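Observations on the three-dimensional arrangement
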Amino acid sequence: MISFPVLNWEIRWWFIRKYSRKNLSLLRPQILTNCKFLARRNRLREEDMLKELQLSLWVVLLLACGFLYQLTLKSSCLFSCLPPSKALQDPEALLGQGRSIVFLETSERMEPSPLVSCAVESAARIYPEQPVVFLMKGLNDSTQLPPNSTASAFSLLSAIDNVFLFPLDMKRLFEDTPLSSWYAQVNSSTERHWLYVSSDACRLAVIWKYGGVYMDTDVISIRPIPDENFLAAQSSKISSNGVFGFLPRHPFLWGCMENFVEHYNSAIWGHQGPHLMTRMLRVWCKLGDFQEVSDLRCLNLSFLHPQRFYPIPFRQWRRYYEVWDTDPSFNDSYALHLWNYMNKEGRTVVQGSNTLAENLYRKHCPRTHRVLIQGSEGSVTQELGPGDT
């Protein structure tokens, strides 16, 4: 930076060379004008340099903040953060498309089992153009797991591009439904079957509000369901609530929610779930017997044959964990319910066991089989297409 005395020296020397000393007094006004011009020019230069310096500092600061943010995000999420495109998704907007496949977890559990992972992955593969939404009560932030979690299944599912994991907010979900008053009064700590009862309520509300297909987390999808408004027959004239689908605001589900509240009895397992669906179905339809493998229809509702989801009935649930001479084709089935509620023995899929369940994993949820059964994790944070094998 040039100081004012230096400016005076420069000006003086310039005039000494050009004019004699005796004429300097005549040029005083011009000297002062030139001094002011040079001082103003240098001041402007200083201001420009200062602005450039400030701009550079802001750029450096923003880059540093971005770097620190990414570092913090990675360290807090470990390997379980959702891709940015998913983190920005609005769950209500996504569900509002009316075509979602919906799964629920009403406990605080944050480490999905291999069976849960298989159910969600298989649905993502069978319905590649539809969002597969997993609502989890234990998930407070839809972008990451708690820092101490090591749930490989969560990371695996997050990486599938049409799978979305969101928090489950029951109070908000029940708003504007008959279930709102029930939820405001119920004491969950005294409820014997709260996890099941709350799940029964949530599935009714979410499908009534948004439409789509609800599936239990022990249902393995094997081919698309062609019907829009349907219930799944568990056996003749007995409905399941483990799989069902409806268009938004269907009156059958509104009636189910009203019946849920009016005849609430949580002491009996299934009273608010499959028993409720069966009660309402008998009011809605005059059911006949199934003829061969054909579905029943009344009004705008389909009652799907037991072979569609329950080719192995609940009393024979262990057959999924046995070795078959020849694996069945399940040509008449859309999905298979593995009856995990019956599995009090804790049977699981074991690598190399060649059981029916393991072969279903290999075929319909191959990545779950590789990562969680074989244990060869590789990279599970890479975003995967719904058909990834």
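In this report, the structure presented in the accompanying data block is examined. Source: prediction; values computed, not measured.

The rules we used
- Residues numbered from 1 in each chain as written.
- Predicted model: local features only at pLDDT ≥ 70, side-chain atom pairs only at ≥ 80, totals over all residues.
- Heavy atoms only, no water.
- Helix = DSSP H or I, 4+ residues; strand = E, 2+ residues; numbered from the N terminus.
- Buried < 20%, exposed > 50% of the residue type's maximum accessible area, 1.4 Å probe, protein only.
- Contact = heavy atoms within 4.5 Å.
- Right-handed = clockwise from strand over helix to strand, strands pointing away.
- Pairing = 2+ DSSP bridges.
- Phe/Tyr/Trp six-rings, centres within 6.5 Å; stacked < 30°, edge-to-face > 60°.
- Lys NZ or Arg CZ within 6 Å of the ring centre and 35° of its normal.
- Disulfide = S-S within 2.5 Å.
- Core = buried A, V, L, I, M, F, W, Y, C linked by side-chain atoms within 4.5 Å.
- Patch = residues over 30% accessible without salt bridge, like charges linked within 9 Å, V, L, I, M, F, W, Y side chains within 5 Å.
- Areas by Shrake-Rupley, 256 points an atom, 1.4 Å probe, with all protein chains shown as cover.
- Salt bridge = Lys/Arg side-chain N within 4 Å of Asp/Glu carboxyl O.

Scanning the protein chain from N- to C-terminus turns up 13 helices and ten strands. Across the 389 residues that make up the protein chain, the buried fraction comes to 48%. Long-range pairs, those at least 24 residues apart, make up 75% of the contacts in the protein chain with a sequence separation of at least 6.

On to the pairing of strand 1 (residues 101–105), then. Counting buried positions along strand 1 gives five out of five residues, so the element sits mostly inside the fold. The two faces of strand 1 match: Ile 101, Phe 103 and Glu 105 on one face and Val 102 and Leu 104 on the other face are all buried. Crossover handedness for the path strand 1 to helix 5 (residues 114–126) to strand 2 (residues 132–136): right-handed. Sheet topology places strand 1 next to strand 4 (residues 212–215); two bridges connect them, and they run parallel. In the strand pairing of strand 4, Ile 101 is matched with Val 213.

By convention here, two paired aromatic rings are described through the distance between centres and the angle between planes. Scanning the model with the defined rule gives 23 aromatic pairs in all. When the ring of Tyr 196 is compared with that of Tyr 341, the centres are 5.4 Å apart and the planes differ by 85 degrees; the resulting orientation is edge-to-face. Highlighted residues: Tyr 196 in helix 9 (residues 194–210) and Tyr 341 in the loop between strand 10 (335–337) and helix 12 (356–364), separated in sequence by 145 residues. By relative accessible area, which is 32% here, Tyr 341 ends up partly exposed. Here the aromatic residues Phe 174, Trp 182, Tyr 183, Trp 194, Phe 260 and Tyr 264 are joined through ring pairs into a cluster of three or more. Lying across the ring of Trp 324, Arg 319 places its NZ or CZ 4.1 Å from the centre. For Lys 344, the ring lying beneath its charged end belongs to Tyr 341, and the centroid distance is 3.9 Å.

Applying the stated rule across the entire model yields two disulfides. What pairs with Cys 118 in a disulfide is Cys 365, and their sulfur atoms sit 2.0 Å apart. Taking the sign of the S-S torsion, -85 degrees for the link of Cys 118 and Cys 365, the bridge is left-handed. Within this pair, whereas Cys 118 is found in helix 5, its partner Cys 365 is found in the loop between helix 12 and helix 13 (366–374), the two being separated by 247 residues in sequence. Exposure class is identical for Cys 118 and Cys 365. Each is buried. Between Cys 285 and Cys 298 runs a disulfide, and the two sulfur atoms are separated by 1.5 Å. With Cys 285 in the loop between helix 11 (274–284) and strand 8 (296–298) and Cys 298 in strand 8, this pair connects stretches of sequence that are 13 residues apart. The pair formed by Cys 285 and Cys 298 is uniform in burial state, with each residue classed as buried.

Another aspect to go through is the environment of Ala 153. Here Ala 153 lies in helix 6 (residues 152–158). A residue is classified by how much of its surface remains accessible, and Ala 153, at 4% relative accessible area, is buried. Along the chain, Ala 153 and Leu 115 lie 38 residues apart, while their C-alpha atoms are 10.0 Å from each other. Every residue in contact with Ala 153, bar those within four places of it in the chain, is listed here: Pro 112, Ser 117 and Leu 372.

The next subject is the nonpolar core. Core analysis: the biggest nonpolar cluster contains 53 residues, and Phe 103, Met 215, Ile 225, Phe 309 and Tyr 320 have the highest contact counts within it. Those residues in contact with Ile 225 that sit more than four places away from it in its chain are Tyr 127, Val 213, Met 215, Phe 230, Val 243, Leu 304, Phe 309 and Tyr 334. Judged by nonpolar contacts, the second largest core, of 45 residues, contains Trp 182, Val 197, Cys 298 and Phe 303.

For the rest of this paragraph, the subject is a nonpolar patch on the surface. A contiguous nonpolar surface patch, about 360 Å² in accessible area, is contributed by Leu 195, Tyr 196, Trp 269 and Tyr 341. As for its placement among the helices and strands, Trp 269 is situated in the loop between helix 10 (251–262) and helix 11. Note on Trp 269: relative accessible area 33%, which makes it partly exposed.

Let's shift gears to the pattern of salt bridges. Per the counting criterion, the structure on display carries eleven salt bridges. Two residues, Glu 108 and Lys 137, come together in a salt bridge whose shortest N-O distance is 2.7 Å. Remark: Lys 137 occurs in the loop between strand 2 and helix 6 and Glu 108 occurs in the loop between strand 1 and helix 5; sequence separation between them is 29 residues. Residue class for Lys 137 comes out partly exposed when judged on its relative accessible area of 28%. Across the salt bridge formed by Glu 345 and Arg 318, the nearest N and O atoms sit 2.6 Å from each other. Taken together, the residues span a long stretch of sequence, with Glu 345 in the loop between strand 10 and helix 12 and Arg 318 in the loop between strand 9 (301–304) and strand 10 at a distance of 27 residues. Assessed through its relative accessible area of 34%, Arg 318 is described here as partly exposed. What emerges from the salt-bridge pattern is a single network uniting Asp 200, Arg 203 and Asp 216.

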